[in-house]
Amino acid sequence: MPDDVAPLDLPAHLPPAWRSVLTPHLDPAATAELGRFVADEYATQTVFPPLEDLFSAYQLCAPQDCRVLILGQDPYHKAGQAHGLSFSVREGVSVPPSLRNVFKELTEDLGVPKPRGGTLTGWAGQGVLLLNSVLTVRQATPGSHANKGWEAFTDATIRALDALEHRVVFLLWGGYARKKAALVGNPQHVVLEAGHPSPMNPRGFLGSRPFSAANKALADAGLPTIDWERTAS
C-alpha cells in the first residue's frame with residue numbers, strides 16, 4: 001500500500017459492544033492485514049459502501065439487541081446503492097431485483113403492503129443484523145473484495161452471535177449463506193435456510209415464508225417479534 005496511507009484499525013471502528021464480543025474470535029494478524037487492504041482500496045479505488053457506512057449494520061443493531069441475522073454476500077457495486085446493510089439500498093434508490101423478491105415474499109407471507117422504498121433501517125433498528133459476508137466492493141466489480149479477509153471477520157460475527165445467551169434466528173438465503181449454518185452450534189438458536197431471492201434463482205426462496213417463521217421462533221423463546229412491515233426507520 002502507498003506509504004502515506006494509514007492502515008485501518010477495523011476493530012477500533014466498531015461500536016464498543018461489538019468490539020468486545022468479536023475480539024475473542026478474530027485473528028489479530030489477519031485482521032490487521034485486512035485493515036491494510038481496505039485502507040489501500042479506499043485510498044486508490046472507488047469503493048462501496050462509503051467508509052462512514054462500512055459498519056452501519058453493527059452501528060444500528062447492537063449484539064445484545066440482535067434477534068435475527070440476514071446474511072448477504074457482498075455490497076451492491078453501483079454508485080449510490082450500498083450503505084452498509086445487506087440487501088438494503090439508500091432512500092430514493094430504485095429497489096434491486098433481489099430485494100423486490102424479498103418484498104414479494106414479505107407480502108405473500110404476512111400480507112403487508114409492498115414497501116415504498118428499499119431501505120431496511122427499520123428492520124435494523126428492531127434487532128435485525130443485516131450483514132454482508134464481504135463488507136466492501138470496488139465500483140462495478142462484484143466479488144472484487146472476496147477472499148481478502150472479510151469472510152473471517154464476518155464468520156467471527158456469526159460465532160459471537162452463536163455465543164449469545166438469548167435466541168437468534170439466522171436467515172440464510174442461497175448456497176453461500178447456507179454454508180454458514182455450520183458456525184451455529186448453540187441449540188437455542190434457529191437456522192432457517194432458503195434459496196437466494198435473486199430472480200436468477202427461480203425456486204427455493206419464494207414460498208419459504210421466512211418472516212412468519214422467524215417471528216414464531218422468537219415468540220417461542222419469549223422474545224418480541226419483528227414488525228417486518230416497518231422497513232424504514
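The rules behind the values
Residues numbered from 1 in each chain as written. Predicted model: local features only at pLDDT ≥ 70, side-chain atom pairs only at ≥ 80, totals over all residues. Heavy atoms only, no water. UniProt positions renumbered as here; feature names shortened; annotations may be inferred. Core = buried A, V, L, I, M, F, W, Y, C linked by side-chain atoms within 4.5 Å. Buried < 20%, exposed > 50% of the residue type's maximum accessible area, 1.4 Å probe, protein only. Helix = DSSP H or I, 4+ residues; strand = E, 2+ residues; numbered from the N terminus. Contact = heavy atoms within 4.5 Å. Pairing = 2+ DSSP bridges. Axes fitted to C-alpha atoms, helices over the stretch in contact; angles between N-to-C directions.

The name an unreviewed UniProt entry gives the protein is Uracil-DNA glycosylase, with Micromonospora rosaria as the organism. As its UniProt record puts it under Sequence similarities (unreviewed entry), the protein is described as follows: "Belongs to the uracil-DNA glycosylase (UDG) superfamily. UNG family." Per UniProt, the protein carries the Catalytic activity (unreviewed entry) text "Hydrolyzes single-stranded DNA or mismatched double-stranded DNA and polynucleotides, releasing free uracil."

Nonpolar side chains in soluble globular proteins tend to end up buried together. One finds Ile70, Trp123, Trp150, Phe153 and Trp228 to be the most contacted residues of the largest nonpolar core, which totals 71 residues. Broken down by element, this core gets its largest block of residues, six residues, from helix α7 (residues 150-162). Those residues within four positions of Ile70 in sequence are excluded, and the remaining contacts are Ser86, Phe87, Trp123, Val128, Leu129, Leu130, Leu131, Leu171, Trp173 and Trp228.

Glancing now at the UniProt feature "active site" (unreviewed entry) in the protein. Following the UniProt record, one finds the feature "active site" (unreviewed entry) at Asp74. With respect to the secondary-structure elements, Asp74 resides in the loop between β2 (68-72) and α5 (97-110). Beyond its immediate chain neighbours, meaning those up to four positions away, Asp74 contacts Asn132, Val134, Val137, Pro142 and Gly143.

For the rest of this paragraph, the subject is the sheet that holds β2. One open sheet accounts for four strands, arranged β3-β2-β5-β6; its pairing is parallel. Pairing within the sheet leaves two strands with one partner each, and these edge strands are β3 (128-132) and β6 (190-194). Between one strand axis and the next, the sheet turns by 20° as a mean value, whatever way the strands run. Pairing between strand β5 (residues 169-173) and β6: five bridges, direction parallel. Looking at the pairing, Leu171 lines up with Leu192 of β6. The strands touched by α7 within the sheet are β2, β3 and β5, with β3 carrying the most contacts at an inclination of about 155°. Strands in contact with helix α9 (residues 210-220) are β2, β5 and β6; relative to β5, the strand with the most contacts, it is inclined by about 160°.

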